[in-house]
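# Reading the structure
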Amino acid sequence: MAIAGSAIFFDGMTSARRVVVVELASDGVVVRDAEDRDMLARWPYGELDHLAAPEGVLRLGRAGAKTTARLEVRDAALAQAIDEASVPVDRTKVPGHGGRTKVIAWSIAAMASLVLGAVYGVPALAGRIAPLVPLGVERWLGEAVDRQARTLLDKGSSDRPFECGGGQSEAAGRAALGRLIGKLEAAAALPIRLDVTVVRRAGSNAVALPGGRIYVFEGLIEKSERADELAGVLAHEIGHVAQRDGTRSILQSAGISFLFGMLLGDFVGGGAVVIGARAVLQSSYSRDVESAADRYGVELMERAGGDPRALGTVLTRLSGAIHPGADILSDHPDTQARVDVINTLAKPQASTKPLLEPSEWQALKRICAGR
């Protein structure tokens, strides 16, 4: 018989406090309404996030979730059972202690870097600091930047939803995108989960935010002629995620004010995030950064079993404009030079199998066709 017990559930969208029944299934925690037994959430054991809580309370969230939903368990037997079933949950340790240690270390490093900034300047400072930012902090930063980015990207000029893939007629396209991302994500093996969203924007662009969020514009899918071309661009953007270029760009643009905000405990607030969101969406990266992302993209496509030269093909067709910016070509390496390097880096292959079947690719091409 499955283990079950009562708890309190907050859905993260309202302040409502709901009494629920928690059931421990074979693969995760199932949360049901105590009265009508409707399922409210199902969280796999491996994705449980152990949150700080008062003595006698086991507080859980779901790692990487878009909302701040949480579950509070006061039933000692149920809490013990969850502890035994989930690796991320460890009540022998104080939740958040490791995070606080990282924040203290980060604060010391940031304070020292503020002093160095007077000598080396903000750009050099950002390059030194970005690799030190804890992944949890980068995730919080990414969520704040995402809210600002949506405001900047979604002009509300269409009667259709900003995000593609939500309609019933777009379900096959959404599934095909998930399959494509799954192959790239498995090959990349990043310590942070990717969250890829197709949006109704005409530009042939894709952009990566801190924390693993990637926006793909509808126009890029329209201009891509095969799945591996789209995958090549996505692999390039995953390179920006892996190398934490978005975080570095925000540190460079928001400068000292952003660092002081973090030192004061305001990790994602203030005008620095607005400035940072504009920087990520509107500014192109340096030649060295783009070249590094190209190299990463080629290697990732090879590991995923796709065509490593596909990025060069789509670059040629789009004249280099795969990243937002008013003067894309002035700040990026020469398109032909980039393509030459990509083709040189790509290992000779007798043949490659497309990352998606033709029917899947055609479904993905229609991911924005619904209403």
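For the structure, check the block above.
What this report covers is the structure whose coordinates are included nearby. Computed from a predicted structure; not experimentally measured.

### With respect to the packing of helix 7 (residues 227–242) against helix 11 (residues 310–318)
Direction vectors running N to C along helix 7 and helix 11 enclose 95°, while the axes themselves pass 8 Å from each other. Compared by their axis directions, helix 7 and helix 11 come out roughly perpendicular. Note on element contacts: helix 11 touches helix 7 through Ala310, Leu311, Thr313, Val314 and Arg317, opposite Asp228, Glu229, Gly232, Val233 and His236. In terms of residue class, the contact of helix 7 with helix 11 is built from 4 nonpolar, 3 polar and 3 charged.

### Thoughts on the packing of aromatic side chains
Throughout the structure, instances matching the rule amount to 1 aromatic pair. Between the NZ or CZ atom of Arg70 and the centre of the ring of Phe10, over which it lies, the distance is 4.0 Å. Here the basic side chain of Arg303 rests over the ring of Tyr296, its NZ or CZ set 5.9 Å away from the ring centre.

### Overview of the sheet that holds strand 3 (residues 28–33)
Within the open sheet, the 7 strands sit side by side as 4-3-2-1-7-6-5. Their pairing is antiparallel. At either margin of the open sheet sits one strand with a lone partner, and together these are strand 4 (39–44) and strand 5 (48–51). Here the strands of the sheet are splayed against their neighbours by 35° on average, with no regard to which way each runs. As paired strands, strand 2 (residues 18–24) and strand 3 are joined by 5 bridges and run antiparallel to one another. Residue Leu24 lies in a different strand from strand 3, and its bridge partner there is Val29. Across the sheet, helix 1 (residues 76–85) is in contact with strand 1 (4–10), strand 2, strand 5, strand 6 (58–62) and strand 7 (70–73); its angle to strand 2 comes to roughly 50°.

### A few points about the nonpolar core
Residues Ile214, Val216, Leu230, Leu234 and Leu364 are the most contacted members of the largest nonpolar core, which totals 44 residues. It is helix 7 that provides the largest number of residues to this core, a total of 8 residues. Excluding residues within four positions of it along the chain, Leu230 makes contact with Leu180, Val216, Leu220, Ile221, Ser224, Trp361 and Leu364. One finds Phe9, Ala41, Trp43 and Val73 within the second-largest nonpolar core, a separate group that totals 21 residues.

### Focus: unusual backbone geometry
The backbone of Arg37 sits at a positive phi, close to 60°, despite the residue not being glycine. Along the chain, the position of Arg37 falls in the loop between strand 3 and strand 4. Judged by relative accessible area, which is 44%, Arg37 ranks as partly exposed. A positive phi is found at Arg244, a non-glycine position, where the angle reads about 60°. Note that Arg244 resides in the loop between helix 7 and helix 8 (245–263).

### A short note on the state of the cysteines
Within the structure shown, the criterion is met by 1 disulfide. Between Cys164 and Cys368 runs a disulfide, and the two sulfur atoms are separated by 2.0 Å. Judged by the sign of its S-S torsion, about 105°, the bond between Cys164 and Cys368 is right-handed. In this pair, Cys164 sits in the loop between helix 4 (135–153) and helix 5 (171–188) while Cys368 sits in the segment after helix 14 (358–365), placing the two residues 204 residues apart along the sequence.

### Quick notes on the sheet that holds strand 9 (residues 206–208)
The mixed open sheet is built from 3 strands, whose spatial order is 8-10-9. Because the sheet does not close on itself, it has two edges, and the strands there are strand 8 (195–199) and strand 9. Each strand axis lies, on average, 15° off the axis of its neighbour in the sheet, ignoring direction. When strand 9 meets strand 10 (residues 213–217), the two strands line up antiparallel, connected through 3 bridges.

Definitions and cut-offs
Each chain has its residues counted from 1, running along the sequence as written. Reporting of local features is limited, given that this is a predicted model, to residues whose pLDDT is at least 70; pairs of side-chain atoms are given and counted only at 80 or more, and all residues count toward the totals for whole chains, interfaces and linings. Side-chain metrics in this entry use all non-hydrogen atoms of the structure; hydrogen atoms and water are not considered. Between the N-to-C directions of two axes lies an angle of 0 to 180 degrees, each axis being a line fitted to C-alpha atoms and, for a helix, fitted only over the stretch in contact. What counts as a helix is a DSSP run of H or I of at least four residues, what counts as a strand is a run of E of at least two, and both are numbered from the N terminus. By definition in this entry, angles of less than 35 degrees are roughly parallel, angles greater than 145 are roughly antiparallel, angles of 65 to 115 are roughly perpendicular, and the rest are oblique. Contact definition: two residues touch when any of their heavy atoms are within 4.5 Å. Each residue gets one label: Ala, Val, Leu, Ile, Met, Phe, Trp, Tyr, Cys and Pro are nonpolar, Asp, Glu, Lys and Arg are charged, and the others, such as Gly, are polar. Note on aromatic pairs: the rings of Phe, Tyr and Trp (six-membered ring only in Trp) are paired at centre separations within 6.5 Å, and the planes decide the class, stacked below 30 degrees, edge-to-face beyond 60, tilted for the rest. Note on criteria: charge over ring means Lys NZ or Arg CZ within 6 Å of the ring centre, with the direction from the centre no more than 35 degrees off the ring normal. Between any two strands, at least two bridges found by DSSP are needed for them to pair. Here, the term nonpolar core denotes a set of buried Ala, Val, Leu, Ile, Met, Phe, Trp, Tyr and Cys residues that are joined through side-chain atoms within 4.5 Å. Only protein chains enter the calculation, and the probe is 1.4 Å; a residue is then buried if its accessible area is under 20% of its type maximum, exposed if over 50%, and partly exposed in between. Note on terminology: pairs of cysteine sulfur atoms within 2.5 Å are recorded as disulfides.

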